[in-house]
Structure formats: C-alpha cells, structure tokens
Amino acid sequence: MPALNDVLAALDALWPPERAEQWDAVGTVCGDPDAEVTRVLFAVDPVQEVADEAVGLGADLLITHHPLYLRGTTTVAASTFKGRVVHTLIRRDIALHVAHTNADTADPGVSDALAGALDLRIVGPLVPDATDPEGRRGLGRICELDHPETLREFAERAAARLPATAQGIRAAGDPDHTVRRVAVSGGSGDSLFDAVRAAGVDAFLTADLRHHPSSEAREHSDLALLDAAHWATEWPWTEQAAAQLDAISDRHGWGLRTHVSRIVTDPWTAHAAAPAAPRSTP
Ligand SMILES: [Zn+2]
C-alpha cells in the first residue's frame, strides 16, 4: 500500500507543479505524507458535496482540478465553506490535492480528455508550450472531425457527448455552417481567440464565453462558437486522470481503488429557453 507521498510523486510526474501558471495554486492542500492511500476520488470542484462523497466512499485522497484556495487566506474556520471542506477532510484523514493549469497543458491534459469525449481526432495543441521540444503539450487542442458536420450537428454532438448540465450547449453562427476543423479548450477559453483565429478552424468549443470577446470574434470572421458548461468541459479529465493513476497503480502493484465523482458541480441549475429563439432581433 503506497504512502500519500508515493502517490503525490506519481501525480507530480503526470502534472509537474512547476508547469502551473504563476497565479495558480496547485499541489497538496491537506494530507499527511506518511498516511497510507487505498482509495482515491477524482472531481472537478473541491466543494462540500464532493468532500462528503469522499467521506462516504472512505477515500484517503481527493484529487480535484480546481483549487480550494487560489489566494491566501487567514482562516480555515469551519464557519467558512472552504474551512468546512478542510475540516471535513482532515477529520477523516482525507488528503486534498489539486492539479489545475499543470493538468491543462499536460500531455495528455484537460483538453485531450475534452476532445476524446467529443470523439475528435487531435491534430496538436492550440497554444503550444514553447518548452516542449515535441510540441505535444500546451493549452487547448486543434482537432478534426472524421466527416464534416453542420454547426447544428456539431452542437448536438457536444450536447450528447458531454455530461449533461442545465446550460447545455450555446452556439453562435449559421446553423448550416460547415465544421471540419475545431479548436477545443476545457474551462474558460475566451482569452484564446487570437490563437483560435490563427489556427484557421471552423469552430471553437470552450466555456464561459463572454459577450464582447465573442461578439468581436464573430465580427472578425465566420468562426462558429460553442459554449458548454465549464464543469462539463473539464469533467472528462477526471476519468482520464483516474485511468492514468490506475495504470501507475498497476505498474507498482499498489492496488489503488479509484473513483470519479459524478456529482454535477456546475453552479448553473436551470435553463429557460425562449419559446422561439430569434436570430437577430433583440
Ligand atoms: Zn476550470
């Protein structure tokens, strides 16, 4: 049975913490390095419901994509919701480890899992990591479809293949626009429009697209946009990451039991569509 330290060393090899963005807060939030690990839960968000799920499973380690604390704090009092998560975990000897932007740019990373969920053929990274001589790491992925689809069909594909959320998929563009080549980026991707335009793709699928960047991108070209729920674009990574840890566990004979949380932690819980969505009238 491995110690937490052994598992963390393996995770750091998959997602080296030094590759995280400077503003990010990745790594171990709580946990005893010498504690034994037998059961691991993967999730996108370190929220109370997920901490409770880890307790219910008898997990020793919770691995999330999003950090619990991104900025400094002066309290872990259980009267704060983050402090309550910390208390819940420590009381049950559950470690919390975060792989965020270091998992985004990894090979395979968050956007590989997203492309895999959408059944797309990956061509390469959208924003290659300049420090990777093989050019396989980086932010987002450029992908191709086996057969061209209309934007309408591609949006339906995304809605069917990504985990269900209240938001579903929003699309911008002519529904009959042909989609052959797409860029995908898990999480908030509207800072990537320059790279997307340079990639010459037909469509860009990401999350959290805002009015102005989207409007300007649409004015520049006929690039179609697809906006999925943030959680839904990153959840496929949890399955990919669990499979990666399973393979490591098998190699070392660790016998780890890995689980993937299916709790939908996207904050949006309802969606009311207009009876007939107008194309261009206010
Ligand atoms: Zn995210």
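Since the structure is predicted, the reported quantities are computational estimates derived from the model, not experimental observations.

## Comments concerning the pairing of strand 2 (residues 39-43)
For strand 2, the tally of buried residues reaches 4 of 5 residues, placing the bulk of the element in the interior. The pairing of strand 2 with strand 11 (residues 257-260) spans 4 bridges and is classified as parallel. Bridge assignment links L41 to a residue of strand 11, and that residue is H259. Once the chain exits strand 2 it traverses helix 2 (residues 48-57) before rejoining the sheet at strand 3 (residues 61-64), and the crossover so formed is right-handed.

## Regarding the sheet that holds strand 4 (residues 95-98)
Strands sit in the order 1-4-3-2-11 across an open sheet of 5 strands; the sheet is mixed. Of all the strands in the sheet, the pair left with one neighbour each is strand 1 (27-30) and strand 11. Each strand axis lies, on average, 25° off the axis of its neighbour in the sheet, ignoring direction. By the bridge criterion, 4 bridges tie strand 2 to strand 3 in an arrangement that is parallel. In the strand pairing of strand 3, V40 is matched with L61. Set on the sheet, helix 2 makes contact with strand 2, strand 3 and strand 11; between it and strand 2 the angle comes to about 160°.

## Quick look at the coordination of the zinc ion
Protein-derived coordination of the zinc ion comes from H66 (NE2), H230 (NE2), E234 (OE) and E234 (OE), at a distance range of 2.1 to 2.3 Å. Coordination of the zinc ion draws on donor residues from a single chain, spaced H-x163-H-x3-E in sequence. One end of the pair, H66, is in the loop between strand 3 and helix 3 (81-91); the other, E234, is in helix 9 (residues 230-252), and 168 residues separate them in sequence.

## Remarks on the sheet that holds strand 10 (residues 224-228)
For sheets, the rule is that strands pair by backbone hydrogen bonds, running either parallel or antiparallel. Ordered in space as 5-6-8-9-10-7, the 6 strands form an open sheet in which the pairing is mixed. Pairing within the sheet leaves two strands with one partner each, and these edge strands are strand 5 (121-128) and strand 7 (170-172). Neighbouring strand axes in the sheet, compared pairwise and without regard to direction, differ in orientation by 25° on average. Contacts between helix 6 (residues 151-161) and the sheet are confined to strand 6 (138-150), strand 7, strand 8 (178-188), strand 9 (203-207) and strand 10, with strand 6 contributing the most and set at about 120° to the helix. Packing against the sheet, helix 9 makes contact with strand 8, strand 9 and strand 10, and its axis sits at approximately 90° to strand 8.

About the thresholds
The residue numbering used here restarts from 1 in each chain and proceeds along that chain's sequence as written. Where local features are concerned, this predicted model is filtered to residues with pLDDT of at least 70; where side-chain atom pairs are given and counted, the filter is 80 or more; whole-chain, interface and lining totals use all residues. Based on all heavy atoms of the structure, the side-chain values leave hydrogens and waters out of the count. Exposure is judged per residue with a 1.4 Å probe applied to protein chains only, and the accessible area is read against the type maximum: over 50% gives exposed, under 20% gives buried, and values in between give partly exposed. Only DSSP runs of H or I with at least four residues qualify as helices, and only runs of E with at least two residues qualify as strands; both kinds are numbered from the N terminus onward. For two strands to pair, DSSP has to find at least two bridges joining them. Here, the term right-handed applies to a crossover whose path from the first strand over the helix to the second runs clockwise when the strands point away from the viewer. Here, axes are lines fitted to C-alpha atoms. For helices the fit covers the stretch in contact, and angles between N-to-C directions go from 0 to 180 degrees. Contacts were defined at the residue level, with two residues in contact if any of their heavy atoms lie within 4.5 Å. In this analysis a donor is any N, O or S atom within 2.8 Å of a metal ion (3.2 Å for sodium, potassium and calcium), and since water is not included, sites may seem incomplete.

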